[in-house]
Amino acid sequence: MKQIDIMKYKNFLWTALAVATISSAVQGQTRMSDTLQQSIRSSSKLTQVTEMAEKLVQSGFTAGDGYGEVWIRDLNSFVELSTKVNGQERTREALLMFFKFQQPDGNIPDGYIPAARAGAGYVYQTSPYEPDYRSHKNTVETDQETSLIQAVHKYIQATGDRAFLHIKVGDRTVVDRMHDALQYLLDDRFNAKYGLLWGATTVDWGDVQPEHEWGVALDSSSHPAIDIYDNAMFVIAINNYLDLVDDRPRQVYWTKVGHDITKNTRKYLWDKERKKYHPHIYLDKGSPFPNTFDEEEIYYHGGTFTAIEAGFLTKKEIREAYLRMQDNVKKSGAPSIGLTVYPPYPNGTFENKGLGEYSYQNGGDWTWFGGRMVQQLIRVGMYEEAYEALAPMVDLVLDHKGFYEWWTRDGKPAGSASFRGAAGVLWKSIEMLHEQADSNKSKQ
């Protein structure tokens, strides 16, 4: 572990205290109106979607009908629901599998699958701890490690199972392996010039690069770039890890790293004129896109949701972001703020034909991410806005009798059916609204 001057520890703690104070101010003490409280408590729609989500997640851990794997970025978004319907032990084992496939350098795979079903074209990895399974990693993305740490934190918050941190996989405990996963990102994906993490060029939080027909593996044709999603996910994971770890040197170390990443995202990625995040900071190879369009005009919804969760924006900026997103929805004709980006990248800029305009990660509407913004709006006391944003997502699920991976501009289901990530974020959003409604009622 890199060494930090222990005499600077107080400075780091004062920084953390300042961040916590800002976060508290952002959350505020907004009171939910009586009308909204009643609407939440009496809504049969919310009840129905809750029941549908619980039934779906009880049926397994894979991302959806189109996937054979258990993916960590998806499990991260329904792990709390899983603890309720699948129980502590089953959920614990699903998380532990990712540590069993952790590589010596600390990196975490995207997903795992029974060996007999491992035939999707990935480069599969084996583990001495699970010989009947295989794992794989989409190397263009930089969120597998951070997704796992966030998922562990949610699991422990939901169950109180801190003993999970001390389970040994080989000769390393889970909490040690969490440190190793974070350290891998600094060792393998850290750009010293900007002091931020990098990955391949993708659309917002997406995991497909433009240079290939499939586009999931870094190679000599990839265009390394820095974006807000990867770095916001890193800070969330660091904060989650700090909430779990008792080791003082590690607290000092990761507090400093989190502070620096937070500072550098503001310095380099925030466009103060446009009041949005730059889509990419391109590194040594520049942009893979033609210069016939201005990428800076593109607004990243998912990355902005994640930045809000990381605590990067003030309440004023969150409100401005929400209004901008709703304006994008109107201009695009999309169903909800789950719209990935607006405007989309032009047709032909991705070799993968699934990423045409308003398709998949390039302007498709993803409840899986839109629901996260609903949760952030609730956390900062913007209850009316949260309910407004949630309503079309709930209607899509009920109108089509299920959770789908994403939605087209005209509100048609697309991608995988039975998409558990979407179920997880909607379930959590509804639970949070009910908690706030009950809390506000008790204060009357």
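Cut-offs used in this document
Residues numbered from 1 in each chain as written. Predicted model: local features only at pLDDT ≥ 70, side-chain atom pairs only at ≥ 80, totals over all residues. Heavy atoms only, no water. Helix = DSSP H or I, 4+ residues; strand = E, 2+ residues; numbered from the N terminus. Expected span 1.5 Å × (residues − 1). Polar contact = N/O pair within 3.5 Å; in protein donor to acceptor, adjacent residues only side chain to side chain. Pairing = 2+ DSSP bridges. 1 Å grid on protein atoms, 1.4 Å probe; cavity = no way out; pocket = protein on both sides within 12 Å on 5 of 7 lines; lining within 4 Å. Points joined across faces, edges and corners; volume = space filled by probe spheres on them. Nonpolar A, V, L, I, M, F, W, Y, C, P; charged D, E, K, R; others polar. pLDDT = per-residue confidence, 0-100. Contact = heavy atoms within 4.5 Å. Axes fitted to C-alpha atoms, helices over the stretch in contact; angles between N-to-C directions. Parallel < 35°, antiparallel > 145°, perpendicular 65-115°, else oblique. Left-handed = near helix turned anticlockwise from the far one by under 90°. Salt bridge = Lys/Arg side-chain N within 4 Å of Asp/Glu carboxyl O. Buried < 20%, exposed > 50% of the residue type's maximum accessible area, 1.4 Å probe, protein only.

*Asks:* Outline helix α10 (residues 248-269), listing residues and values.
*Replies:* Between the first and last C-alpha of α10 there are 31 Å, a value that for 22 residues agrees with the 32 Å anticipated at 1.5 Å per step. One side-chain oxygen at the N-terminal end of α10 lies 2.9 Å from the backbone nitrogen of R250; it belongs to D247.

*Asks:* Just give me the short version of the pairing of strand β15 (residues 404-407), but keep the residues and values in it.
*Replies:* Bridge analysis of β15 against strand β16 (residues 413-417) gives three bridges, and the strand direction is antiparallel. When the sheet's bridge partners are listed, Y404 is paired in β16 with A417. Hairpin connection of β15 to β16: five residues between the antiparallel strands, including G411 at a positive phi of 80°.

*Asks:* Describe empty space enclosed by the protein, naming the residues involved and giving the relevant values.
*Replies:* One pass over the structure, following the stated rule, counts two cavities of 30 Å³ or more. Estimated volume of the largest cavity: approximately 60 Å³. Secondary structure elements with two or more residues in the lining of the largest cavity: β11 (276-277) and α12 (315-332). Residue contributions to the lining of the largest cavity peak at three residues, all from α12. Looking at the lining of the largest cavity residue by residue, the classes come out as five nonpolar, one polar and four charged. The computed volume of the second largest cavity comes to approximately 30 Å³. Surrounding the second largest cavity, R73, N76, D143, S147, Y229, M233, W368, F369 and R372 form its lining.

*Asks:* I'd like to hear about the confidence of the model for the chain, residue by residue, with values.
*Replies:* Counting all residues, the mean pLDDT for the chain is 93, and 93% of those residues have values of 70 or more. Contacts of residues 1-25 to residues separated by more than four positions or lying in other chains number 19 contacts, the stretch itself having pLDDT below 50.

*Asks:* Just give me the short version of the packing of helix α13 (residues 367-379) against helix α14 (residues 383-399), but keep the residues and values in it.
*Replies:* The interhelical angle for the contact between α13 and α14, taken along N-to-C directions, is 160°, at an axis separation of 8 Å. The angle between the axes of α13 and α14 places the two elements in the roughly antiparallel class. Relative to α14, α13 is oriented so that their crossing is left-handed. For the pair α13 and α14, contact is made by T367, G370, G371, V374, L377 and I378 and by Y383, E385, A386, A389, L390 and M393, respectively.

*Asks:* Describe the pattern of salt bridges, with residues and values.
*Replies:* A complete count under the given rule lists 24 salt bridges for this structure. For R250, the salt bridge is made with D176, and the minimal N-O distance between the two is 3.0 Å. Here the residue R250 occupies a position in helix α10, and D176 occupies one in helix α8 (residues 174-188), the gap between them amounting to 74 residues. Here the two residues R250 and D176 agree in accessibility, since each one is buried. Of the charged contacts in the structure, one is a salt bridge between D260 and K256, with a shortest N-O distance of 2.4 Å. Pair noted here: D260 and K256 are both in helix α10, with a separation of four residues, about one helical turn. Counted as one network, the salt bridges with shared partners bring together R73, E141, D143 and D207.

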